[in-house]
Amino acid sequence: MRIVCLISGGGTNLQALIDWQANDLLGDAKIVAVISNAAAAPGLGVANNAAIPTGTVSHDDFPNRSAFDHALIKLINTHEPDLVVLAGFMRILTGDFVAHYDGRLINIHPSLLPKYKGLNTHRRALEAGDNYAGATVHWVTSELDAGDIIRQVEVPIMREDTEETLNARVLDAEYTLYPSVIRDLSLGLIKC
Ligand code: GRF
């Protein structure tokens, strides 16, 4: 299963995927390319360190979302992906993009969806007085963070938590959740 990862920032989930791959834990999945919408994304360095080909399609270079998405599709497709993995990719994708990768596009979101779609998930969970937060891997559809859920992981919220401490706990859980879902997809253990 050829995987292209799309990133915008830190790439710590990407690092987790690379670590699982390096330890032969990623099933039949192989990360064949990492593409960013920002040339300065530290995640590109993560990919470079693992000798994974990288590319950048900068959204600033395009007049609108549609033109950007079509350039992105063109670059992604040179790598012939079976699965496109959003790993901290912070652009909203057009319906055309989502339709092009229908059934081949997944995302990880830092909340227990359907709760807290969009941004500031941890702040909202803390403000609501929730006892649990978590992360969700889901299929991507044209509606933001609303595609079918593949798998979720819960973490407790502690009384003394701040956004930062909760973010760290959720990220830590993401580093097992995302690779395990990709492994299981590659082994046919999850139905597409
Ligand atoms: C994570 O919180 C993930 O849930 C969200 O974006 C963040 C990515 O972080 N989609 P990183 O770039 O993997 O460090």
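Calculation criteria
- Residues numbered from 1 in each chain as written.
- Predicted model: local features only at pLDDT ≥ 70, side-chain atom pairs only at ≥ 80, totals over all residues.
- Heavy atoms only, no water.
- 1 Å grid on protein atoms, 1.4 Å probe; cavity = no way out; pocket = protein on both sides within 12 Å on 5 of 7 lines; lining within 4 Å.
- Points joined across faces, edges and corners; volume = space filled by probe spheres on them.
- Helix = DSSP H or I, 4+ residues; strand = E, 2+ residues; numbered from the N terminus.
- Nonpolar A, V, L, I, M, F, W, Y, C, P; charged D, E, K, R; others polar.
- Salt bridge = Lys/Arg side-chain N within 4 Å of Asp/Glu carboxyl O.
- Buried < 20%, exposed > 50% of the residue type's maximum accessible area, 1.4 Å probe, protein only.
- Phe/Tyr/Trp six-rings, centres within 6.5 Å; stacked < 30°, edge-to-face > 60°.
- Lys NZ or Arg CZ within 6 Å of the ring centre and 35° of its normal.
- Core = buried A, V, L, I, M, F, W, Y, C linked by side-chain atoms within 4.5 Å.
- Contact = heavy atoms within 4.5 Å.
- Near = heavy atom within 4 Å.
- Polar contact = N/O pair within 3.5 Å; in protein donor to acceptor, adjacent residues only side chain to side chain.
- Areas by Shrake-Rupley, 256 points an atom, 1.4 Å probe, with all protein chains shown as cover.
- Sits in = over half its atoms within 2 Å of the grid points.
- Expected span 1.5 Å × (residues − 1).
- Arc of directions from axis to C-beta.

Draft legend 1. Structural context of the layout of surface pockets. In this model, the largest pocket occupies a volume close to 880 Å³. Around the largest pocket, the lining is made up of 35 residues, and of these G88, F89, M90, I108 and P110 lie nearest the centre. Within the residue set of the lining of the largest pocket, elements represented by two or more residues are α1 (12-22), β5 (105-109), α5 (121-127) and α6 (163-186). In terms of residue class, the lining of the largest pocket is built from 14 nonpolar, 17 polar and four charged.

Draft legend 2. Examining the pattern of salt bridges more closely. Evaluation of the coordinates by the stated rule reveals five salt bridges. Between D130 and K115 there is a salt bridge, with its nearest N and O atoms 3.3 Å apart. Placement of the pair is D130 in the loop between α5 and β6 (132-139) and K115 in the loop between β5 and α5, with a sequence separation of 15 residues. Residue classification places K115 among the partly exposed positions, given a relative accessible area of 42%.

Draft legend 3. How the structure looks around the packing of aromatic side chains. For the structure shown, the criterion picks out two aromatic pairs. The interplanar angle of 55° and the centroid separation of 5.0 Å between the aromatic rings of F97 and Y101 together place this pair among those described as tilted. Look at F97 and you get buried, because its relative accessible area is 0%. Relative accessible area serves as the criterion here: at 0%, Y101 is assigned to the buried category. Residue placement shows R91 over the ring face of F68; its charged tip is 5.9 Å from the ring centre.

Draft legend 4. Here's a closer look at the nonpolar core. Ranked by internal contacts, the top residues of the largest apolar core, which has 39 residues, are V85, I106 and I182. Per-element tally for this core: the top contributor is α6, with eight residues. Excluding residues within four positions of it along the chain, V85 makes contact with I3, V4, C5, L6, L17, I106, Y178 and I182. Counting 19 residues, the second largest nonpolar core, distinct from the first, contains V32, V57, F97 and Y101.

Draft legend 5. Seen up close, the site of the ligand. Within the structure, the ligand sits among G10, G11, T12, N13, G88, I108, H109, P110, L171 and E174. One of the side-chain N or O atoms of T12 is found 2.5 Å from an oxygen atom in the ligand. When the free accessible area of the ligand is taken as 370 Å², the share hidden by the protein chains comes to 83%. Judged by the fraction of its atoms near the pocket grid, the ligand is located in the largest pocket. Of all the secondary-structure elements, those providing two or more residues to the shell around the ligand are α1, β5 and α6. Taken together, the residues of the shell around the ligand break down into three nonpolar, six polar and one charged.

Draft legend 6. Broad picture of helix α3 (residues 65-77). With 13 residues, α3 ought to run about 18 Å at 1.5 Å a step, and its terminal C-alpha atoms sit 18 Å apart, in line with that. Along α3, the positions that sit buried rather than exposed are F68, D69, L72, I73 and I76. The arc enclosing the buried residues of α3, seen along the axis, measures out at 140°, which places them on a common side. Looking at the buried residues of α3, the elements they touch are β1 (2-7), β2 (30-36), β4 (83-86) and α4 (95-100).

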